[in-house]
Amino acid sequence: QVQVVESGGGLVQAGDSLRLSCAASGRTWNIYTMGWFRQAPGKEREFVAAITWSGGSTTYADSVKGRFTISRDNAKNLMYLQMTSLKTEDTAVYYCAAKRTITGWTDPSEYPYWGQGTQVTVSG
């Protein structure tokens, strides 16, 4: 099993920056991909960004490309999401997720391991 725990959410103003962290534990050698998803009230969970655990390849949703940066620290089993130029529409609960497979980076149903989420609220 793999456990992931998010941290770093909060209330910020539009245009501000915020960094989320995700700590992985357990059978971390089984992780191939980790990702960030978010869910706003009344909306479905949507893909934000993903990164391969070993090689650092990344992919982003169009809505965050150029503003968010995903990264990882293998030695510390940590993943980060640096968010800049935040917009009110970025307000959501942000979830960290992990999986052992190479396919389906953007599909939440492909990720078996999830954190509890951290709230990010961007005020206008």
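Computed from a predicted model, the values in this text were never measured in an experiment. (Residues numbered from 1 in each chain as written. Predicted model: local features only at pLDDT ≥ 70, side-chain atom pairs only at ≥ 80, totals over all residues. Heavy atoms only, no water.)

J.: Any details on the overall build of the chain? Residues and values, ideally.
T.: Assigned secondary structure in the chain consists of zero helices and eleven strands. Start at the N end of the chain and walk to the C end: the helices and strands fall as β-β-β-β-β-β-β-β-β-β-β. Taking 2.2 N^0.38 as the reference for a compact globule, 124 residues should give roughly 14 Å; the C-alpha atoms of the chain span a radius of gyration of 13 Å, in line with that estimate. Out of the 124 residues in the chain, the part that is buried amounts to 41%. (Helix = DSSP H or I, 4+ residues; strand = E, 2+ residues; numbered from the N terminus. Rg over C-alpha atoms; globule rule 2.2 N^0.38 Å. Buried < 20%, exposed > 50% of the residue type's maximum accessible area, 1.4 Å probe, protein only.)

J.: Describe the pairing of strand β11 (residues 118–123), with residues and values.
T.: Side chains of β11 alternate between two faces, with Thr-118, Val-120 and Val-122 buried and Gln-119, Thr-121 and Ser-123 left unburied. Alignment of strand β2 (residues 10–13) against β11, held across four bridges, turns out to be parallel. Across the sheet, the residue bridging to Val-12 is Val-122, located in β11. Bridge count for strand β9 (residues 92–99) against β11 is three bridges, and the pairing is antiparallel. Within β11, the position partnered with Tyr-94 by the bridge is Thr-118. (Pairing = 2+ DSSP bridges.)

J.: So what's going on with the sheet that holds strand β1 (residues 2–7)? Which residues, and what values?
T.: The antiparallel open sheet is built from four strands, whose spatial order is β1-β3-β8-β7. This sheet does not close on itself; its edge strands, each paired only once, are β1 and β7 (68–73). The sheet shows a mean angle of 15 degrees between the axes of neighbouring strands, direction not considered. Bridge analysis of β7 against strand β8 (residues 78–83) gives six bridges, and the strand direction is antiparallel. Its bridge partner being in β8, Ile-70 is matched across the sheet by Leu-81. (Axes fitted to C-alpha atoms, helices over the stretch in contact; angles between N-to-C directions.)

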